[in-house]
Amino acid sequence: MLQYLSTTGGTEPVDFETAILDGFAGDGGLYVPERLPTFSLEQLDQWRSLGYIDLAFEILSLFIDSSVIKAAELKQLLTEAYAPFEKESVIPLHPLRSRKNTYIMELFYGPTLSFKDIGLAFLVNLVDFFLQRKKERLSIVVATTGDTGPATAYFAAGKSSLDAWVLYPQEFITEEQERQMTTLPHSNVYPVAVSNCPDGGDDLDLVIAKLYANKTFKKKLKLSSVNSINWGRVMMQTVHYVYGYLQVADQMGDPIDMVVPSGAFGNLCAGGLARNMGLPVGTFVVANNQNACLHRIFSQGLFKKEAIFETPSSAIDILIPYNFWRFLYFQVGMDGSKIKRWISEFKRTGNLQFDQETFESYKKGFLSYSATNEQTLSTIREIYQTENYLLDPHGAVAVIAAETLAESLNGKKVICLNTAHPAKFPDVIAAALASSILPEAANHRSIVEAQKRCQKKYACDHSHLEEALLTAMESNWDLNKVNE
Ligand SMILES: *Cc1c(COP(=O)(O)O)cnc(C)c1O
């Protein structure tokens, strides 16, 4: 049975259920499977006719032993998770007319209109499944740059096994995203608007890490996280790469390039692992905006935190891409002591230059790009005007990266991941199209409905967030206990 270890090497192996319910590994590292399962081209060929859910079942079965979750239960979990998606195909692929052999993978048909729905639909249901079986309750805490929060809130809402605390940097997200979290009527969802976060969502990640480190508190409140530190999300996200490949490749084995708007690297970590497992991806393009931490990592071997820029693609305004460590772990022979040393050097100096051998070992098969704000807006405008297709700002970052690097890409086709629905970013769309009257494609009925509801939230200044959260979470936990 596949066991799970920590990227920083400091824990005993645990089973899948423990890895999912813990979130972070006990030594503060991230959980990884002790080995990556693989699949062959013949296997891929057999999967060609499968829909997304059946494909997900096949891939997840490589990671999850049937003694932990029975096959029928896994099928049911997947079916329920993706039932609220708007399209039967879950993640359709849309060919661009103005760019040859270029496809947009539409990852935004979930109920909260971003790709976060893909991982969280399954993960939150899975956590609930384990908790119900154990007859236990958990508090989940997530930080969001605007999309994880709504998806977590949506899927946790009304689940009696869970309290969901979703922290967001007030000044860094759109009103549409905020309302997705604050207008749910359920009593187990606690949105927390945090003001004065100088580094946006990254500041909140740090507070969550501190809550975790507080062992008594963690134990009392049964704290867990469904941020992309949770292995369940990365695992689930391997599926859309395989699915996309199967939709566009003519022959199994044809190299296909994939371009991914990236922030914390959870999505691309999954892509990289899918390739390690056997998926014939030619080049992965790491698409950044002006917050170019990943671009520096992949072009210079430099892991360095810089000041944050405000950009139109706010969901990828991330300064510290923590899932890069998870991917790196696999590229350096699963040597946790190396990862541990690098992380501590980065924490100490804020600046880590990888040695040449390490740099070569992880950048193979990757290119990267950092798109400017102006390029993002003009790409949205140009594609809309030429072919009446409206990208979201993150999809636009991917398309511009693909276009700029086209000469270096040599796969047969290219898939750009579009990670959100434009309706979440109306101000950006208005600026891009230079018009305050938005096209129909920039609207979504769920966004319009949320505008008519009352909002409910906690509000807190970043300077005392940790303390305030400890108190608020503790009192609600005790209160819910009394009510039980
Ligand atoms: C979270 C997010 C991303 C980035 O994904 P990572 O896994 O953090 O790299 C890209 N686009 C959108 C819309 C997102 O919400």
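Position labels on residues start from 1 in each chain and follow its written sequence. In keeping with the predicted nature of the model, local features appear solely for residues at pLDDT of at least 70, side-chain atom pairs appear and are counted solely at 80 or more, and the whole-chain, interface and lining totals rest on all residues. In computing side-chain properties, one takes all heavy atoms of the structure into account and sets aside hydrogens as well as water.

So, on to the overall build of the chain. Along its length, the chain carries 20 helices and 15 strands. The C-alpha radius of gyration computed for the chain amounts to 21 Å, which stays within 12% of the reference 23 Å derived for 484 residues, consistent with globular compactness. For the chain, the spread of C-alpha atoms along the three principal axes comes to 60 × 55 × 50 Å. Sorting the 484 residues of the chain into buried and exposed places 61% on the buried side. Contact definition: two residues touch when any of their heavy atoms are within 4.5 Å. The contacts of the chain with a sequence gap of at least 6 include a subset with a gap of at least 24, amounting to 76%. Residues scored as positive are Lys and Arg, those scored as negative are Asp and Glu, and His as well as the terminal groups of each chain are ignored. Charged side chains are reduced to one point each, which is NZ for Lys, CZ for Arg, CG for Asp and CD for Glu. For the chain, the distance from the average site of its 44 positive side-chain charges to the average site of its 55 negative ones is 3 Å. Each helix is a run of DSSP H or I of at least 4 residues and each strand a run of E of at least 2, with the numbering of both proceeding from the N terminus. Note that the radius of gyration is over C-alpha atoms, with the globule rule given as 2.2 Å times the number of residues to the power 0.38. Buried residues are those whose accessible area, probed at 1.4 Å on protein chains only, stays under 20% of the maximum for their type, while exposed residues exceed 50% and partly exposed ones sit between those limits.

Before going further, it helps to examine helix H5 (residues 116-134). Expected span of a helix: the number of residues minus one, times 1.5 Å. Over its 19 residues, H5 runs 27 Å from end to end, which matches the ideal 27 Å to within 8%, given 1.5 Å per residue. By the criterion of burial, H5 is predominantly enclosed, with 16 of the 19 residues buried.

Bringing the side chain of threonine 148 into the picture now. Within the secondary structure, threonine 148 is located in helix H6 (residues 148-156). We classify threonine 148 as buried; its relative accessible area is 5%.

Here we take up the site of the ligand. Being near a molecule or strand, for a residue, means having at least one of its heavy atoms within 4 Å of it. Near the ligand lie 15 residues; those nearest to it are Lys116, Asp147, Gly263, Ala264 and Thr419. Between N or O atoms, a polar contact is any pair within 3.5 Å; within protein, one atom must be a potential hydrogen donor and the other a potential acceptor, and residues adjacent in sequence are included only when both atoms are from side chains. Interatomic distance of 2.6 Å between a side-chain N/O atom of lysine 116 and an oxygen atom of the ligand. Between the ligand and the protein, one listed contact pairs an oxygen atom with a backbone N or O atom of glycine 266 at 3.0 Å. For the ligand, the accessible surface in isolation is 380 Å², of which the surrounding protein chains cover 97%. Polar here means any residue other than Ala, Val, Leu, Ile, Met, Phe, Trp, Tyr, Cys and Pro, which are nonpolar, and Asp, Glu, Lys and Arg, which are charged; Gly is therefore polar. Here the shell around the ligand is composed, by residue class, of 7 nonpolar, 6 polar and 2 charged. For the area figures, the Shrake-Rupley method with a 1.4 Å probe applies, and any residue is considered shielded solely by the protein chains shown.

The subject of this paragraph is the packing of aromatic side chains. Classification of ring pairs uses Phe, Tyr and Trp, with its six-membered ring standing for Trp, and accepts pairs whose centres are within 6.5 Å; under 30 degrees between planes counts as stacked, over 60 as edge-to-face, and the remaining range as tilted. In this structure the tally under the stated criterion is 35 aromatic pairs. On the basis of an interplanar angle of 55 degrees and a centroid distance of 5.7 Å, the ring pair of phenylalanine 129 and phenylalanine 130 is categorised as tilted. The same class applies to phenylalanine 129 as to phenylalanine 130, namely buried. Centre to centre, the rings of phenylalanine 327 and phenylalanine 366 are 5.4 Å apart; their planes meet at 70 degrees, and the pair counts as edge-to-face. Residue phenylalanine 327 is found in helix H13 (residues 323-331), and its partner phenylalanine 366 is found in strand E13 (residues 366-370); the two are separated by 39 residues along the sequence. On the basis of relative accessible area, phenylalanine 327 is assigned to the buried category, the value being 1%. When its relative accessible area of 6% is taken as the criterion, phenylalanine 366 is described as buried. Seen from the ring of phenylalanine 57, lysine 75 lies directly overhead, with NZ or CZ sitting 4.4 Å from the centre. Only lysine NZ and arginine CZ atoms are considered, and such an atom sits over a ring when it is within 6 Å of the ring centre and within 35 degrees of the ring normal. Its guanidinium or amino end placed over the ring of tryptophan 477, arginine 137 lies 4.4 Å from that ring's centre, counting from NZ or CZ.

Most of strand E5 (residues 138-143) is tucked away, with 6 of its 6 residues classed as buried. What you see with E5 is no split at all: Leu138, Ile140 and Val142 on one side and Ser139, Val141 and Ala143 on the other are buried throughout. Strands qualify as paired when DSSP identifies two bridges or more between them. Examined bridge by bridge, E5 and strand E6 (residues 162-169) share 6 bridges and lie parallel to one another. From the neighbouring strand, valine 141 faces E6, where its bridge partner is tryptophan 165. Look down the strands so they point away from you; if the path from the first strand over the helix to the second goes clockwise, the crossover is right-handed. After leaving E5, the chain enters H6 and then returns to the sheet as E6, a path that is right-handed.

Each α-helix turn comprises 3.6 residues. Residues three or four places apart therefore point the same way. Under the 1.5 Å per step criterion, the end-to-end length of helix H16 (residues 373-387) is 22 Å for 15 residues, consistent within 8% with the ideal 21 Å. All of the buried residues in H16 are Thr376, Leu377, Thr379, Ile380, Ile383 and Glu387. Within H16, the buried residues cover an arc of 160 degrees as seen down the axis, which keeps them to one side. On its buried side, H16 packs onto strand E3 (93-95), helix H17 (393-404) and helix H18 (426-433). Just beyond H16, the residue with positive phi is asparagine 388, at close to 55 degrees. By arc we mean the arc of the directions from the helix axis to the C-beta atoms, nothing more.

As a packed pair, H13 and helix H14 (residues 336-349) sit with axes 9 Å apart at the nearest point and diverge in direction by 145 degrees. The crossing of H13 and H14 is right-handed. Packed against H13, whose contacting residues are Trp325, Leu328 and Tyr329, the element H14 presents Gly336, Ile339, Trp342 and Ile343 at the interface. Among the residues forming the contact of H13 with H14, the class breakdown is 6 nonpolar, 1 polar and no charged. Orientation is described by axes fitted as lines to C-alpha atoms, over the contacting stretch for helices, and by angles from 0 to 180 degrees between their N-to-C directions. Rotating anticlockwise by less than a right angle from the far helix to the near helix defines a left-handed crossing, while the corresponding clockwise rotation defines a right-handed one.

Next up on the list: the sheet that holds strand E7 (residues 189-195). The parallel open sheet is built from 5 strands, whose spatial order is E8-E5-E6-E7-E15. Because the sheet does not close on itself, it has two edges, and the strands there are strand E8 (223-224) and strand E15 (458-461). Relative to E8, E5 runs parallel, the two sharing 2 bridges. Along E8, the bridge assignment pairs isoleucine 140 with serine 224.

Using a grid of 1 Å spacing that covers the protein atoms alone, one calls a set of points a cavity when a 1.4 Å probe fits there but cannot get out, and a pocket when the set is open and has protein on both sides within 12 Å along at least five of seven lines; lining residues are those with an atom within 4 Å of a point. Grid points are joined across faces, edges and corners, and a volume is the space filled by probe spheres set on the points. Here the largest pocket is characterised by a volume of approximately 1,200 Å³. What lines the largest pocket is a set of 43 residues, among which Phe24, Gly28, Gly29, Ala209 and Tyr212 lie closest to the centre. Secondary-structure elements contributing two or more residues to the lining of the largest pocket are helix H1 (16-22), H5, helix H8 (201-213), helix H9 (215-221) and H14. At 7 residues, H8 tops the list of elements feeding residues into the lining of the largest pocket. When its residues are assigned to classes, the lining of the largest pocket shows 19 nonpolar, 10 polar and 14 charged.

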